[in-house]
Amino acid sequence: MRTLSLFTILTAAFTGTLNTNSSPPPPAKLNVVATTPDLGALARAIGGDQIEVKVLAKPTEDPHFVDPKPSHIVTLNRADVLIEGGAELELGWLPPLMESARNSKIQPGAPGRIVASQGIEMLEIPATFDRSKGDIHSLGNPHFLIDPVRAKQVAAHIAEQLGKVQPASADVFNGNLKSFDAALDAKYAQWQKALEPFKSSKIVTYHKDFVYLADRFNLSVVETLEPKPGIAPSPAHLAEVITAMRNGKARVILVQPYQNRKTAETVARQTSGVVLDTPQQPGAVPGTDTYLQMMDHLIQTIVNGLQENK
Amino acid sequence: MPTTNSYALTFTLGALVLLVTAPLPAQAPRNVARTGSLARQPQGAEPDTTTASGSKTTAASPQGTPPRAPSMYMNIGFSGLMDFGWSSEADVPSLQRGDHDPIVRGFTIPNEELTLDGAVDPYFKGFVNVVYKIDAAGESAFELEEAYILTNSLPANLQIKAGQFFTEFGRQNAQHPHAWAFVDQPLVLNQMFGGDGMRGQGARLSWLAPTSWYTEAMVTLQNSFGETMHSFQSEASSDIHGGVPVEPEVQSGGDLLIAPRIATSFDLTSTQTLVLGVSGAFGPNNSGPSERTSVYGADVYWRWKSATAGQGFPFWSFQSEVISRNYDAAPREAASNPTVTLPQESIKDNGWYAQLLWGVRPRIVAGLRAEGVNGDVTSFTSPLRADRFRLSPNFTMYPSEFSKVRLQYNYDDRKGIGRDHSLWLQFEFILGAHAAHRF
């Protein structure tokens, strides 16, 4: 009977694989999967040559809307560690991947599951959950890694968890963390100094994704092109933004590679402003593969933009 | 057809109200667990004391934290579909045969779906889909569409799904109407699996192959009777074979439906993905005591998404399925005339659909679907097996992730009946959790 023979083939395939699985060589490096490139860059800084990092989201795409491709299921199936941003950033695509990944090492609560937002002081936690206010995240704004202080906490969290998963390398992870911290401290001082002259400067962003940076470096986000998070800019709202920018002398609009630059340009033209390309993900611009390079580029772009449009 | 059950509806809605109004446990431990590291500031750098200290208080005090949705231990979502439109065919259900299609000239409430899901414990995830709708006669109807558990920690890359669920045959059969790209069910799925698709009580074993590319093999075992086992021991099987159905029963393992499927996928480039699958469904039918049905299917899905996609746009996608059925019918008493015996025969049907979607820019999708079905000539002529072609251009706008408006035109050509034109407008709203879609 046809049905029986198909079943037999599947069973045979399954048994065959059990046999090949019985003698694999021990993995040389920890397989670490990061949902977004910024988390991947932090993991590389901490894990060094002890880990192999794979990243699911592209640096240029919207991290809220990544395709849950079957190849990601395979990547997650082989992972020893999964680092996610958390705070519902990956809500739209990570759950179905995890359902298919069947990997107990990275299930919630396992040492191999690192939720970056855990322990991070979140901004914009809504007091009420009401979608008439747009697509708000109930756990707060998830775009916190462009704050170097919070990034440092995440790096420490990653080092701690990686050490739990592979205790033999814990000293290496802690050593790498110390170097990373030292380098970040030095850079942070530079960034503060660079942005010091622009204290309380007004900026406009497309989405509510520069809140943590503004908070840390004393910039003031006066408007977003989206009327509400996740809601497309409407002509009426853009008119309000233009008026507010003219009245408030805000002339700098920050956009990421996946946001509608044309909309931002239209607003900029009417306000004698400028659109700044400020990707938050390492690798979105060539030569920014590490977290510090990405932040350097980001801060420098903002400083230049504010300088030229004082 | 689904039974009307206002008790079940009242019960579920009541339970939902209780859940929503129940006091939510504070989520302190999660936030407090790592407060120690919050105090960390870059050494050697001047910490911004104003911001840092001000916000530290918020994070460390549990009472300052509002109740979190995840503390309810499960996601609750509701998707409401409503259709409005007109068709040149006055008997709309004869044209739109899907159970969640628009079925009247005017307004249809085809699918109001309550979804619950969450982790049961460290070993299982649970999913429940309950559908309410208003049927063509204006009566409320209720369906327990799906209720199943999924394992997440079996060894050897195995996974078991068990309960009531859509049979994993091809791509669209297992998708809920909310996830469809068109307002109606593809003709071929209706022809092979009935208006509600193929689903039933059973278990599925799946195995993820240890290959570098995605390959998943699965086998589903389900009861072969019930209204959603259209090609097998459904009581409405006379529509296919014209005879009086014999009493369905599961006497041995051989009477179960067995549905194997293998799917594989490749990333052609970093922005293009291809998924290929072959499926089968084999089981007894009730035209006679020992007759069987075999259904074979092949499916393909291709998708391109821009490397700088915002909100998932722009994209192009192509999806197609081809399904073939061989229904062995026993010598049987004709349902229309007890004095006539229909001969033993093999009833063969084929069908296909192909759909192309273009995500033009954020929140705007244009689609085109072409499809056809045909059945061979047998001793019994069923209108369900008539040759038919349908072409459906449509246009969808998503004001946000949680609502959509869709306009679709159907050009329908039924052999021996004639051509029809229909225009349907669909609106959808989503409350609560929006379950993420599979690829």
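Calculation notes
- Residues numbered from 1 in each chain as written.
- Chains lettered and ligands numbered in written order.
- Predicted model: local features only at pLDDT ≥ 70, side-chain atom pairs only at ≥ 80, totals over all residues.
- Helix = DSSP H or I, 4+ residues; strand = E, 2+ residues; numbered from the N terminus.
- Buried ≥ 20, exposed ≤ 12 C-beta atoms within 10 Å, placed from the backbone.
- Contact = placed C-beta atoms within 7 Å.
- Pairing = 2+ DSSP bridges.
- Axes fitted to C-alpha atoms, helices over the stretch in contact; angles between N-to-C directions.
- Domains from an automatic or database assignment.
- Nonpolar A, V, L, I, M, F, W, Y, C, P; charged D, E, K, R; others polar.
- Right-handed = clockwise from strand over helix to strand, strands pointing away.

*Asks:* How should I be thinking about the overall build of chain A in this particular structure?
*Replies:* Secondary structure assignment for chain A yields ten helices and eight strands. With the C-alpha coordinates of chain A rotated into their principal frame, the extents come out at 75 × 50 × 40 Å. Expressed as a percentage of the 310 residues in chain A, the buried residues total 53%. Put simply, 61% of the contacts in chain A that link residues at least 6 apart link residues at least 24 apart.

*Asks:* What exactly am I supposed to notice about helix α2 (residues 37–47) of chain A here?
*Replies:* The α-helix winds at 3.6 residues per turn, so residues separated by three or four positions along the chain end up facing the same way. In terms of burial, α2 of chain A is largely enclosed, as eleven of its eleven residues are buried. Looking at α2 of chain A, one finds that the buried residues are Pro 37, Asp 38, Leu 39, Gly 40, Ala 41, Leu 42, Ala 43, Arg 44, Ala 45, Ile 46 and Gly 47 of chain A.

*Asks:* Please explain the sheet that holds strand β3 (residues 81–84) of chain A as it appears in this structure.
*Replies:* In a beta sheet, neighbouring strands pair by backbone hydrogen bonds and run either parallel or antiparallel. Residue and element names in this part refer to chain A. Here we have four strands laid out as an open sheet, ordered β2-β1-β3-β4, and parallel in their pairing. A single partner strand is all that each edge strand has here, and the edge strands are β2 (51–55) and β4 (113–115). Adjacent strand axes in the sheet meet at a mean angle of 20° when their direction is disregarded. Lying over the sheet, α2 contacts β1 (30–34), β2 and β3, oriented at roughly 175° with respect to β2.

*Asks:* Help me out: how do you make sense of unusual backbone geometry in this one?
*Replies:* Backbone geometry follows two general trends: most residues other than glycine have a negative phi, and most peptide bonds adopt the trans configuration. Put simply, Phe 313 of chain B and Pro 314 of chain B share a cis peptide bond, and its omega is -5°. Relative to the helices and strands, Pro 314 of chain B is located in strand β11 (residues 313–329). In this model, Ala 87 of chain A sits at a positive phi of 55°, which is unusual for a non-glycine residue. Counting through the fold element by element, Ala 87 of chain A comes out in the loop between β3 and α4 (94–101). Taking the C-beta count within 10 Å as the criterion, Ala 87 of chain A has 22 such neighbours and is therefore assigned buried. Its identity as a non-glycine residue notwithstanding, Asn 218 of chain A has a phi of 60°, on the positive side. Its place among the elements puts Asn 218 of chain A in the loop between α7 (211–217) and β6 (220–224).

*Asks:* Explain the domain arrangement of chain A here, please?
*Replies:* Size of an interface: often given as the accessible area lost when the parts come together. All names here are of chain A. You can read the domains of chain A as domain 1 (24–187) and domain 2 (193–308). Between domain 1 and domain 2, the C-alpha centre-to-centre distance is 25 Å. The interface of domain 1 with domain 2 comprises 28 residues on the first partner and 27 residues on the second. For the side of domain 1 that touches domain 2, the elements supplying multiple residues, two or more each, are α2, α5 (148–165) and α6 (170–195). Across the side of domain 1 that touches domain 2, the residue classes break down as 14 nonpolar, five polar and nine charged.

*Asks:* Please clarify how the sheet that holds β6 of chain A should be interpreted in this entry.
*Replies:* Residues and elements named next belong to chain A. The strand order β6-β5-β7-β8 describes an open sheet built from four strands, whose pairing is parallel. The outermost strands of the open sheet, each flanked by one partner alone, are β6 and β8 (274–277). With direction set aside, neighbouring strand axes in the sheet form an average angle of 35°. Alignment of strand β5 (residues 202–205) against strand β7 (residues 252–255), held across two bridges, turns out to be parallel. Counterpart to Val 204 in the pairing with β7 is Ile 253. Sitting on the sheet, helix α10 (residues 291–308) touches β7 and β8, and the angle it makes with β8 is about 170°.

*Asks:* I keep staring at the pairing of β6 of chain A and nothing clicks. Help me out?
*Replies:* The side chains of a regular strand alternate between both faces of the sheet. Residues and elements named next belong to chain A. Across four bridges, β5 lies against β6 in parallel orientation. In the sheet register, Lys 202 faces β6, and the bridge partner there is Ser 220. At this point the chain moves from β5, through α7, to the parallel β6, and the crossover so formed is right-handed.

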